[in-house]
Amino acid sequence: MATTPATAPQSGTPPTAALLRERRRLHTKLKLATQIGEGIDGYIIGGIGMAMAALTTDLHLSTVMEGLVGASPLIGIFVGGPLFGRLADRFGRRPVFLADMLIFLVGSLLQFFVTDGLQLFLIRLVMGVAIGGEYAIGAPLLSEYAPRQGRGRLLASLEISWYVGYALATVVGALFADVQGGWRWSLASSSVIALVCVALRGGIPESARWLLSKGRHEEAEELIAKYGIEIDVTAELDDRAEAGQEGFRALFSRRHLRSTVFAGVFWAALVLPYFAIGTFWTQVFDALHMGDNAVAALLVYSFTAVAGVTAGCLVVDRIGRRKLLIPPFWITAGCLALVAVWPSVTPVIVGGFLFFIFLNAASSALTAVYPLEVFPTSLRATGVGFATAMSRVGAAIGTFLLPMGLDRFGVRFVLLVGAGVLAVGGLVSHFLAPETTDLDLARAARTAREPVA
């Protein structure tokens, strides 16, 4: 079957008004369904920060259980990312896109009724599995419908949603902070967001790129014609012909190992300090002898991150992927190191943390961009799911160990470890990060397999 003439975008023929309306309607619905899903991820993870002190008292949590509850979604992501990613690559994007949001809905409601730390840990662990599924399917599906120009900004906007969700959870937690048992209401409030998202996800079509990767050309052609999807069909078909083995083993083949290592390491290095410090910000702030303003500082922390990721979204397609990733790694490492060296100087603490939060969040816009661009369609959800898992391994370890590290070694040690992690991220990215700006997804994945110039 000759697929290229039928499916490739016809640049010489302007799209009709009806085609533009169909494309705009689909993009709007898919973007909202994905952004809300990303926002609920941030909401669920961010909500625990404000609730932790109250629920620790109410549920009589030990230090170990406190760390486990804080890290539970991150541990769940370790399972959910690879599992849902593999399912999405094998059975399609559409069914997985809906199923994981139903898990959010049920888990959110169950948090209200917990009676001990183990129950809360298990529920949030399962919700973490759903978060991993969201990372593995939401952004990949959106990327496979996105045009190559402006794709970075569109995908990076998902990270804005994550940080907005995180900040919103902080605000809701603050509103319930003085209410008896208010942490139950704040944690369960994510069910409202999940319900809206479930309704939005009905009617989202399958990915045309995934259909091509499975040899289902006629179905792909219908979608491309209906929505005017911009796809380099030749490159997609070439990738399918060269794909070879699929699944987790393919991630470690010579063909894809660079992409696997890069996506996992850079993502882990970005999120480990953010999650660890953000989850236990009150304790970090107390250790820096500024505990009287901890709630206000947590709000500043969250909204500075929103500003940072918004800035990253605005410049990701202008300055390119590498410039947004590598320099901020080194700058943020220096910021945490400065606070560690001068932990009693208020201007250093405030300035260092603000720069760290802003630039870390700006670079984090790339966690919704790079992993989707460095893997081919046949392996994209699996690769993103695996990279998500690897990033959350580091984040979960950091979140679990941070309270014990503060108790045993002090805040200076914790901050220096964070600086070291960021430096590792900068070094690995220097040698492995490809420049994929404005490339078709299939072409971008090929570029990622080549040595960095």
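Scope of this entry: the structure provided in the associated data block. For clarity, every value in this text was computed on a predicted model and none was experimentally measured.

## Observations regarding the packing of helix α2 (residues 17–58) against helix α10 (residues 217–227)
At a minimum axis separation of 7 Å, α2 and α10 run at an interaxial angle of 105°. Accordingly, the angle class assigned to the pair α2 and α10 is roughly perpendicular. Of the residues in α10, those in contact with L19, E22, R23 and L26 of α2 are A225, K226 and Y227. Considering only residue class, the contact of α2 with α10 consists of four nonpolar, no polar and three charged.

## Things to note about the packing of aromatic side chains
Aromatic rings considered in pairs are described by the distance between their centres and by the relative angle of their planes. Evaluation of the coordinates by the stated rule reveals nine aromatic pairs. Ring plane angle 90° and centroid distance 5.3 Å describe the contact between F252 and F386, whose orientation is recorded as edge-to-face. Separated by 134 residues along the polypeptide, F252 in the loop between α12 (248–251) and α13 (257–279) and F386 in helix α19 (residues 380–408) bring together distant segments of the chain. Counting every residue linked through ring pairs, the aromatic cluster contains F112, F113 and W185.

## A word on the nonpolar core
Grouped burial of nonpolar side chains is what soluble globular proteins tend to show. Counting 114 residues, the largest nonpolar core has L55 and L325 as its most contacted members. A per-element tally of this core places helix α5 (residues 117–143) first, with 12 residues. Residue contacts for L325: discarding those within four places in its chain leaves F262, F266, L270, S363, L366, Y370, S429 and A433.

## Some words on the packing of α2 against helix α6 (residues 151–175)
At a closest axis distance of 6 Å, the pairing of α2 and α6 adopts a crossing angle of 40°. Looking at the two axes, α2 sits oblique to α6. Helix-helix and strand crossings are classified by hand; for α2 and α6 the assignment is right-handed. Of the residues that constitute the contact of α2 with α6, the class distribution is 11 nonpolar, 11 polar and four charged.

## Section: α10
Regarding α10, the residues found buried are H217, A220, E221, L223, I224 and Y227. For α10, the angular spread of buried residues about the axis comes to 165°, placing them on one side. More than 90 degrees from the buried face of α10, the exposed residues found are E218, E222 and A225. Phi turns positive one or two residues past the end of α10, at G228, with a value near 60°.

## A few points about the pattern of salt bridges
Across all of its chains, the model carries 13 salt bridges by this definition. Taking the shortest distance from any N to any O, the salt bridge between R153 and D317 comes out at 3.9 Å. One end of the pair, R153, is in helix α6; the other, D317, is in helix α15 (residues 294–319), and 164 residues separate them in sequence. Since its relative accessible area comes to 16%, D317 is described here as buried. The salt bridge partner of E236 is R209, with a shortest N-O separation of 2.5 Å. With a gap of 27 residues between them, E236 in helix α11 (residues 233–242) and R209 in helix α9 (residues 208–213) connect regions that are remote in the sequence. Taken as a pair, E236 and R209 share a single burial class, namely buried. Among the ionic contacts, a cluster of salt bridges with common partners joins R151, R153, D317, R321 and E373.

## Some points on the side chain of T388
With respect to the element layout, T388 can be found in helix α19. What makes T388 buried here is its relative accessible area of 0%. A distance of 2.7 Å separates a polar atom in the side chain of T388 from the backbone oxygen of V384. Excluding residues within four positions of it along the chain, T388 makes contact with I77, G132, Y135 and W267.

Cut-offs used in this document
Residues numbered from 1 in each chain as written. Predicted model: local features only at pLDDT ≥ 70, side-chain atom pairs only at ≥ 80, totals over all residues. Heavy atoms only, no water. Axes fitted to C-alpha atoms, helices over the stretch in contact; angles between N-to-C directions. Helix = DSSP H or I, 4+ residues; strand = E, 2+ residues; numbered from the N terminus. Parallel < 35°, antiparallel > 145°, perpendicular 65-115°, else oblique. Contact = heavy atoms within 4.5 Å. Nonpolar A, V, L, I, M, F, W, Y, C, P; charged D, E, K, R; others polar. Phe/Tyr/Trp six-rings, centres within 6.5 Å; stacked < 30°, edge-to-face > 60°. Core = buried A, V, L, I, M, F, W, Y, C linked by side-chain atoms within 4.5 Å. Buried < 20%, exposed > 50% of the residue type's maximum accessible area, 1.4 Å probe, protein only. Left-handed = near helix turned anticlockwise from the far one by under 90°. Arc of directions from axis to C-beta. Salt bridge = Lys/Arg side-chain N within 4 Å of Asp/Glu carboxyl O. Polar contact = N/O pair within 3.5 Å; in protein donor to acceptor, adjacent residues only side chain to side chain.

On their own, these measurements won't tell you what the molecule is for.
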